[in-house]
Structure formats: structure tokens, C-alpha cells
Amino acid sequence: MPFEFIDLFAGIGGMRLAFQDAGGTCVFSSEWDKDSQKTYEANFGELPSGDITKISVDEIPNFDVLLAGFPCQPFSTIGQRAGFKHETQGTLFYDVLRIIKGKRPAAFLLENVKGLVSHDKGRTFETIKKSLSKEGYELHFQILDSADYGVPQVRKRIYIVGFDKSKFKGEIEFSWPLPNKKRVGIGKYIEKNVTDRPISKHLQKSYIFKIDDGRPEVIDQKSDFPVKTLVATYHKIQRLTGTFVSDGPTGLRLLST
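In every chain, residue numbers begin from 1 and rise along the written sequence. It should be noted that, the model being predicted, local features are given only for residues of pLDDT at least 70 and side-chain atom pairs only at 80 or more, the latter also being counted only at that level, while totals for whole chains, interfaces and linings use all residues. Each side-chain value is worked out from all heavy atoms of the structure, with water and hydrogens disregarded.

Next up on the list: the nonpolar core. The term nonpolar core refers to a set of buried residues drawn from Ala, Val, Leu, Ile, Met, Phe, Trp, Tyr and Cys, joined through side-chain atoms within 4.5 Å. Each residue gets one of three labels from its accessible area relative to the maximum for its type: buried under 20%, exposed over 50%, partly exposed in between, using a 1.4 Å probe on protein chains only. The biggest cluster of nonpolar side chains holds 28 residues, and the ones touching the most others in it are L8, L66, I99, F108, L110 and L132. Secondary structure elements are defined from DSSP: runs of H or I of at least 4 residues count as helices, runs of E of at least 2 residues count as strands, and each element is numbered from the N terminus. Listing elements by their share of this core, those giving two or more residues are β1 (3-8), β3 (65-68), α3 (92-103), β4 (107-113), α5 (123-134), β5 (137-145) and β6 (156-164). For this core, the element with the most residues is α3, which contributes 6 residues. Counting 13 residues, the second largest nonpolar core, distinct from the first, contains A10, Y40, V65 and F163.

This next bit is on the sheet that holds β6. The pairing criterion is simple: DSSP has to find at least two bridges between the two strands. On the basis of which strands lie adjacent, the open sheet formed by 6 strands has the order β2-β1-β3-β4-β6-β5 and mixed pairing. The open sheet has two edge strands, β2 (24-30) and β5, and neither has a second partner. Here the strands of the sheet are splayed against their neighbours by 20 degrees on average, with no regard to which way each runs. The pairing of β4 with β6 spans 7 bridges and is antiparallel. Looking across to β6, one finds that N112 is bridged to I158. Pairs of residues are marked as contacts when any of their non-hydrogen atoms sit within 4.5 Å. Axis definition: a line fitted to C-alpha atoms, over the contacting stretch in the case of helices. Angles run 0 to 180 degrees between N-to-C directions. In the packing of α5 onto the sheet, contacts are made with β4, β5 and β6, and the angle to β5 comes to roughly 145 degrees.

Salt bridge, as used here: a side-chain nitrogen of Lys or Arg that lies within 4 Å of a carboxyl oxygen of Asp or Glu. For the coordinates displayed, the defined rule picks out 10 salt bridges. In this structure, R183 and D148 form a salt bridge, with 3.0 Å as the shortest nitrogen-oxygen distance. Of this pair, R183 sits in the loop between β6 and α6 (201-208) while D148 sits in the loop between β5 and β6; the two residues are 35 residues apart in sequence, bridging distant segments of the chain. By relative accessible area, which is 35% here, R183 ends up partly exposed. Residues joined by salt bridges that share partners form a network here, namely R104, E135 and D164.

Two rings from Phe, Tyr or Trp (for Trp, the six-membered ring) form a pair when their centres are within 6.5 Å of each other. A pair whose planes differ by under 30 degrees is stacked, one over 60 is edge-to-face, and the rest are tilted. Taken as a whole, this structure holds 12 aromatic pairs when the rule is applied. Considering the side-chain rings of F3 and F19, the 6.3 Å spacing of their centres and the 85 degrees angle between planes classify their relative orientation as edge-to-face. Of the two residues, F3 sits in strand β1 while F19 sits in helix α1 (residues 14-21), which places them 16 residues apart along the sequence. Ring centres of F163 and F168 lie 5.5 Å apart, and the angle between their planes is 85 degrees; on these two criteria the pair is classed as edge-to-face. Using a relative accessible area of 13% as the deciding quantity, one classes F163 as buried. Given a relative accessible area of 31%, F168 falls into the partly exposed group. An aromatic cluster is present here, built from F163, F168, F174 and W176 joined pairwise through their rings.

To continue, consider helix α2 (residues 34-44). Residues S36, Q37, Y40 and F44 constitute the buried set of α2. Considered in projection along α2, the buried side chains sweep an arc of 105 degrees and stay on one side of the axis. Pointing more than 90 degrees away from the buried face of α2 are the exposed residues K34, D35, K38 and A42. Contact partners of the buried residues in α2: β1, α1 and β2. The term polar contact refers here to a pair of N or O atoms within 3.5 Å; inside protein, the definition further demands a hydrogen-donor-capable atom paired with an acceptor-capable atom, and it admits residues adjacent in sequence only when both atoms are side-chain atoms. For α2, the N-terminal cap is D33; the gap from its side-chain oxygen to the backbone nitrogen of D35 is 3.3 Å. Relevant arc is that of directions from the helix axis to the C-beta atoms, nothing else.

Dropping the structure here:
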């Protein structure tokens, strides 16, 4: 059946693609990051609205399904895990809830890092579940790894699906997709002889390989396994969390895009 959806914290539109493929029409999108907005516009021909905290419910068209990958940093195991105490990002779930209350969509899909489940000894996740259940939604939640579904990257995320019980007659039938038995390796997606994304020899010696602890993850075209974070830009935390390519004039480079 055709349906309409909104795309909040849209990034460059990954979730939108899936719901368009399922027959949906996006009637509203929101993303505050300027670079992501430009990429989203290039991908879909529309510029997302900005900061969702400044957008009233009345400005959003009616819709059937809400999508929201609300910011994960406050709940990430890498960050400081400030959660709902974070001055801005930690409260953005409440903007999702505000829109759900105001618009009463038939269903929603929320996504976040798996650390959300254990944050503050589970109290944060309990707050989210209680807030959504109180609005009359039947909830389903599961941690899924993208590497189990044909993506050459290990990316574990919590997905929360909700259905408005007042809009569905009888029992709501829902099941999670079954994982693939064989994982996809990253090697066949790696370009060879890329010269414009090198990591300098100085940076490699002074920081990236300063400790012989098996980090960071380094791949090439023969790597037949899913990887961790794919790194197309550099930040020092990526020595621990990122993946680099054995290639280029210095022997190590960023992922090409």
C-alpha cells in the first residue's frame, strides 16, 4: 500500500531510500548539518528543513510513518555518555515524542547506537519505552548488525518499531528480518591506486602506529570480511575505531568516496 512518511535527523537519506523502495512518499525531512543537507538535496532534489527543535508540529504535513535516527553521541560508548543530561542532543528524543504526540502516526522507526540500551543502567531506555508506550504504541526493539544483512561493515544499532494500537484492528503482526548466513567482505569495494587521500608518513609514525597493538584496522582489495567504521575523513579517535586502506603514495590512505 502507498504511504507517506517523514525523515527526521535525515543525514544524507539512507533510511529514506529504504522506505521509498517500499512504496512510501517522503512529505517532510529535517537535518541541521549543512553538508548533509547539501548531499541530501543532491540525492533527492529537496533541501531538508533545519533544526527540528525550532520546527512546530503545525509546520509538518500529516503522515503515516515517522523515521528518526536521533543523535547517538550522548549514548555512545565512545563519547561521554551524557544521555538526557546533554544540553541539546540528549533532549532530541523529546522532539521526536513531541511530533508523535502531535501527529499520531500509524507507525514509527527509531534508530540509535546499541549503547542506548545500557546507558544509565538501562534507565534511559526504560524512559524512552515508557514514554512511547504511554502514547498507545505497541513496541518492538532489537539490536541488529548491518554486517548480517549484506553490508560490508559491522554496525550494531538498536531499532525501535512502534505501531499505534488504535489504528490497527486485531493483533499486530511484525517480525524482524532474518540475518544472512554469509557475510560480505569489504575488499571488492576498495579502489586501487588512489593517490589523493594519503595519510602522511609523519602522522603514521607519530600517532597512528605509535603503539604496536594491532590498531587501526587496515584493509586492501583482498580483505574478505566486514570492517568497523569506514573512514573517509580523519579524526584522532579513528586510530581506535576506524578503518584505513593500505594503498597510495604513503602506503596508507582514507577510504575513497
